[in-house]
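Now for the letters of each chain:
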Amino acid sequence: MAAIVRYLSGEGGVQLIAGWQPDSGGTRPWLLASSLASAELAGRLGLPIALAHHIRPDQSVATTERYRGRFTPSRWADRPYVMAAVETIVADTDEEAARLARPTDLARARPTSSALFSPDEAALHEIPTEMRDRVEVTGAAQARGSVETVRRRFLEIVEQTGADELMLYASVYDADARIRCYELATRAAE
């Protein structure tokens, strides 16, 4: 990571791609942080972080605290900057959002498969008992539900993590439903 940062800053004669030079500092590196170690590294290097709240929400608060505590200003950021990646599934009702989220929950419970079932197919499958708590806790920590429910979750996530911005991730099987989800998410963010 340090070599990449030196490369992007044009320092140290590092060349990662033959014949290509960085654009005078215009490319700002970010570090995806899902652990205390990655948060500490980002802080020491003075980089903004993309917080992997959608993957490890149980670590979000501790990760951002570690990042802020270790942050050293740099050419990339003069203060800590956190963008939290949040799984966001918005529908007209909380129940419809839960139906749309079921395939994601099932995929979380089956980490060896990347297949995303349709909501109807996912309803036919049980989440293994040993995975239920993890799946429920992770899903509950995201922004799922109606516009009002998601609006509250956005505010709670920002309050908990101190995020400067949210990056929304909608793992929705149907493309039209996914587009509708993003449309409703913009209303929730107002």
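Below or above, wherever it landed, is the structure these notes cover. The numbers attached to residues start from 1 for each chain and follow its sequence in the written order. At least 70 in pLDDT is required for a residue's local features to be given in this predicted model, at least 80 for side-chain atom pairs to be given and counted, and no such filter applies to totals for whole chains, interfaces and linings, which use all residues. Hydrogens and water molecules were not included; the side-chain quantities draw on all heavy atoms of the structure.

Quick notes on the packing of helix α7 (residues 147-161) against helix α8 (residues 175-188)
Turning to step 1, where the next piece is worked out: Note on geometry: axes are lines fitted to C-alpha atoms, helical ones only across the stretch in contact, with angles between N-to-C directions running from 0 to 180 degrees. Only DSSP runs of H or I covering at least 4 residues are called helices, and only runs of E covering at least 2 are called strands; the numbering of each starts at the N terminus. The contact between α7 and α8 brings their axes to 8 Å, and the two run at 60°. Judged by the inter-axis angle, α7 sits oblique to α8. The interaxial crossing formed by α7 with α8 has right-handed handedness. Across the interface between the two elements, Val147, Val150, Arg151 and Phe154 of α7 pack against Leu184, Ala185, Arg187 and Ala188 of α8.
Turning to step 2, where the next piece is worked out: Within the contact of α7 with α8, the residues separate by chemical class into six nonpolar, no polar and two charged. Throughout, the term roughly parallel applies to angles under 35 degrees, roughly antiparallel to angles over 145, roughly perpendicular to angles from 65 to 115, and oblique to all others. What makes a crossing left-handed is the near helix being turned counterclockwise from the far one by less than a right angle; a clockwise turn instead makes it right-handed. The criterion used for residue contact is that any of the two residues' heavy atoms lie within 4.5 Å. Residue polarity is assigned by list, with Asp, Glu, Lys and Arg as charged and Ala, Val, Leu, Ile, Met, Phe, Trp, Tyr, Cys and Pro as nonpolar; anything else, Gly included, falls into the polar class.

Quick look at the nonpolar core
Turning to step 1, where the next piece is worked out: Residues enter a nonpolar core if they are buried and are Ala, Val, Leu, Ile, Met, Phe, Trp, Tyr or Cys, with the set joined through side-chain atoms within 4.5 Å. Each residue gets one of three labels from its accessible area relative to the maximum for its type: buried under 20%, exposed over 50%, partly exposed in between, using a 1.4 Å probe on protein chains only. Tyr67 and Val90 are the most contacted members of the largest nonpolar core, which has 33 residues in total.
Turning to step 2, where the next piece is worked out: Apart from residues no more than four positions distant in its own chain, Val90 is found in contact with Gly145, Ser146, Val147, Val150, Cys181, Leu184 and Ala185.
Turning to step 3, where the next piece is worked out: Core analysis: the next-biggest nonpolar cluster, separate from the first, contains six residues, Leu106, Ala109, Ile127 and Val135 among them.

So, the pattern of salt bridges
Turning to step 1, where the next piece is worked out: Take a side-chain nitrogen of Lys or Arg and a carboxyl oxygen of Asp or Glu: if they are within 4 Å of each other, that pair is a salt bridge. With the rule as written, the count across this model stands at 14 salt bridges.
Turning to step 2, where the next piece is worked out: With a closest N to O distance of 3.3 Å, Arg79 and Asp164 form a salt bridge. Of the two residues, Arg79 is situated in the loop between α3 (60-70) and β3 (82-90) and Asp164 in the loop between α7 and β5 (165-169); the sequence distance between them amounts to 85 residues.
Turning to step 3, where the next piece is worked out: According to the relative accessible area criterion, Arg79 is partly exposed, its value standing at 42%.
Turning to step 4, where the next piece is worked out: Judged by relative accessible area, Asp164 falls into the partly exposed class, the value being 33%.

Considering the side chain of Thr63
Turning to step 1, where the next piece is worked out: Structurally, Thr63 is set in helix α3.
Turning to step 2, where the next piece is worked out: Not counting chain neighbours up to four residues away, the residues in contact with Thr63 comprise Ala33, Ser34, Ser35, Leu36, Ala39 and Leu51.

Describing the packing of aromatic side chains
Turning to step 1, where the next piece is worked out: Centre distance within 6.5 Å is the pairing criterion for rings of Phe, Tyr and Trp, where only the six-membered ring of Trp is used; planes under 30 degrees apart are then read as stacked, over 60 as edge-to-face, and the remainder as tilted. Going through the model one piece at a time under the given rule, you end up with two aromatic pairs.
Turning to step 2, where the next piece is worked out: Centre to centre, the rings of Trp30 and Tyr81 are 5.8 Å apart; their planes meet at 85°, and the pair counts as edge-to-face. Of this pair, Trp30 sits in the loop between α1 (2-9) and β1 (31-33) while Tyr81 sits in the loop between α3 and β3, and the two are 51 residues apart along the sequence.
Turning to step 3, where the next piece is worked out: Consider the rings of Tyr67 and Phe71, whose centres lie 5.7 Å apart with planes at 75°: the pair is edge-to-face. Comparing Tyr67 with Phe71 shows no difference in burial state: the two are buried.
Turning to step 4, where the next piece is worked out: Here the basic side chain of Arg75 rests over the ring of Trp76, its NZ or CZ set 4.9 Å away from the ring centre. In our convention, an over-ring charge means Lys NZ or Arg CZ found within 6 Å of a ring centre and within 35 degrees of that ring's normal.

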